[in-house]
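Coordinate analysis (summary)
Now for the letters of each chain:
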Amino acid sequence: SSVFFRCVEDSAETIMITDLQGKLTYVNPAWESVYEYKRTEVLGKTPNVIRSQHHEPEFYKKMWDQILNPQIGTWKGELVNRSKSGKEIPVLLSITPIKKDGGVRGYMGIALDMREKKSMESKIFHQDRLASLGLLASGLAHEIGTPLAIIRGRAELMKNSNRGNAELV
């Protein structure tokens, strides 16, 4: 229906549809925007056009073993894709079969762009590391400061006691 089509077209998440041979038959505008490809450049090709170097072929084999297993039939997980310009795009991807008349006619992949989330995680991790370093530095300063205070105190005592002895002579 046209309402369903508008929902898919207007979705903020990237959506791609493949046929049974894995060739792209549809990508939505969000997909074009995130991956920097025009529809006309990728239709008829496989999603390998956005595959990054982050995952071994075994990763994709396991993914498809799960999708093609009639007991499971879907896959959901995190992976890193690559845009046309080479930008890495971490996504949470869900792949489901498209069924019609009791059979699978293709597959739909919906991906949530995780770049903003990963960036925030990285900033939080960096801030946590800085806070840990600050705590370590203050503890270290205290550990060094205590013996230094003792040495300074004893040096004052010795200085004062030497003055006293000099006056006696």
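In what follows, the structure referred to is the one given above.
A few points on the structure. Along each chain, numbering runs from 1 in the same order as the chain's sequence is written. For this predicted model, a pLDDT threshold of at least 70 governs which residues receive local features, and a threshold of 80 or more governs which side-chain atom pairs are given and counted, while totals over whole chains, interfaces and linings are taken from all residues. To obtain the side-chain values, all non-hydrogen atoms of the structure were included, while hydrogens and water were left out.

Topic: unusual backbone geometry
Put simply, the test is: Helix numbers and strand numbers start at the N terminus; a helix is a DSSP run of H or I with at least 4 residues, a strand a run of E with at least 2. Only protein chains enter the accessibility calculation, which uses a 1.4 Å probe. A residue is then buried if its area is under 20% of the maximum for its type, exposed if over 50%, and partly exposed in between.
Positive phi, normally seen in glycine, also occurs at glutamate 36, with a value near 65 degrees. With respect to the helices, strands and loops of the structure, glutamate 36 is situated in the loop between helix H2 (29-35) and helix H3 (39-42). Residue class for glutamate 36 comes out partly exposed when judged on its relative accessible area of 28%. A positive phi angle, near 55 degrees, is found at aspartate 101, a position not held by glycine.

A short note on the sheet that holds strand E5 (residues 103-113)
Heads up, the rule is: Here the rule is simple: two strands pair whenever DSSP picks up at least two bridges between them. Angles run from 0 to 180 degrees between N-to-C directions of axes, and those axes are lines fitted to C-alpha atoms, restricted for helices to the stretch in contact. Residue contacts are counted whenever heavy atoms from the two residues lie within 4.5 Å of one another.
Within the open sheet, the five strands sit side by side as E2-E1-E5-E4-E3. Their pairing is antiparallel. On the outer flanks of this sheet lie strand E2 (24-27) and strand E3 (75-82), each paired with one strand and no other. Shown here is a sheet whose adjacent strand axes are inclined to one another by a mean of 30 degrees, direction ignored. Pairing analysis gives five bridges linking strand E1 (residues 14-18) to E5, with the strands arranged antiparallel. Bridged to threonine 14 within E5 is alanine 111. Most of the contacts of helix H4 (residues 57-68) go to E3, to which it runs at about 145 degrees, and overall it touches E3, strand E4 (88-100) and E5.

Considerations on the nonpolar core
For soluble globular proteins, the rule of thumb is that nonpolar side chains tend to be buried together. Rules: Joining through side-chain atoms within 4.5 Å is the link that ties buried Ala, Val, Leu, Ile, Met, Phe, Trp, Tyr and Cys residues into a set, and such a set is a nonpolar core.
If you look at the biggest cluster of nonpolar residues, it comprises 21 residues, and the most contacted ones within it are Trp31 and Tyr35. For this core, the elements supplying multiple residues, two or more each, are E2, H2, H4, E3, E4 and E5. With four residues, E4 is the largest single contributor of residues to this core. Not counting residues within four places of it along the chain, the set of residues in contact with tryptophan 31 comprises Thr14, Ile15, Met16, Glu36, Tyr37, Val42, Val49 and Ile50.

With respect to the pairing of E5
Across ten bridges, E4 lies against E5 in antiparallel orientation. What sits directly across from threonine 96, in E5, is methionine 108. Once E4 ends, the chain turns through two residues before running back antiparallel as E5, passing aspartate 101 with a positive phi of about 55 degrees.

Points about the pairing of E4
Relative to E4, E3 is paired through eight bridges, and the arrangement is antiparallel. Bridge pairing in E4 links asparagine 81 to isoleucine 89. The turn linking E3 back onto E4 is made up of five residues, and glycine 86 within it adopts a positive phi angle of 100 degrees.

Describing the pattern of salt bridges
Side-chain pairs of opposite charge can arise whenever the charged atoms involved come near each other. Put simply, the test is: Salt bridges are defined as contacts in which a side-chain nitrogen from Lys or Arg sits within 4 Å of a carboxyl oxygen from Asp or Glu.
Enumeration according to the criterion identifies seven salt bridges in this entry. A salt bridge links aspartate 10 to arginine 6; the shortest N-O distance between them is 2.9 Å. Separated by four residues within a single helix, aspartate 10 and arginine 6 lie in helix H1 (residues 2-10), roughly one turn from each other. Classification of aspartate 10 by relative accessible area gives exposed; the value is 53%. With a relative accessible area of 42%, arginine 6 lands in the partly exposed category. The closest approach of N and O atoms between arginine 39 and glutamate 32, which form a salt bridge, is 3.7 Å. With relative accessibility at 17%, the residue glutamate 32 sits in the buried group. One salt-bridge network, held together by shared partners, links Glu9, Glu32 and Arg39.

Brief notes about the packing of aromatic side chains
Note the threshold: Only rings of Phe, Tyr and Trp enter the pairing, Trp through its six-membered ring, and a pair is recorded when the two centres are within 6.5 Å. The plane angle decides the type: under 30 degrees is stacked, over 60 is edge-to-face, the rest tilted.
Within this structure, the stated rule accounts for six aromatic pairs. Taken together through their ring pairs, the aromatic side chains of Trp31, Tyr35 and Tyr37 make up a single cluster.

Some words on the environment of glycine 106
The residue glycine 106 is located in strand E5 in this model. Looking at glycine 106, the relative accessible area reads 1%, which means it is buried. For the pair glycine 106 and isoleucine 17, spaced 89 residues apart in sequence, the C-alpha to C-alpha distance is 7.0 Å. When neighbours within four sequence positions are excluded, glycine 106 is seen to be in contact with Thr18, Asp19, Leu20, Thr96, Pro97 and Ile98.

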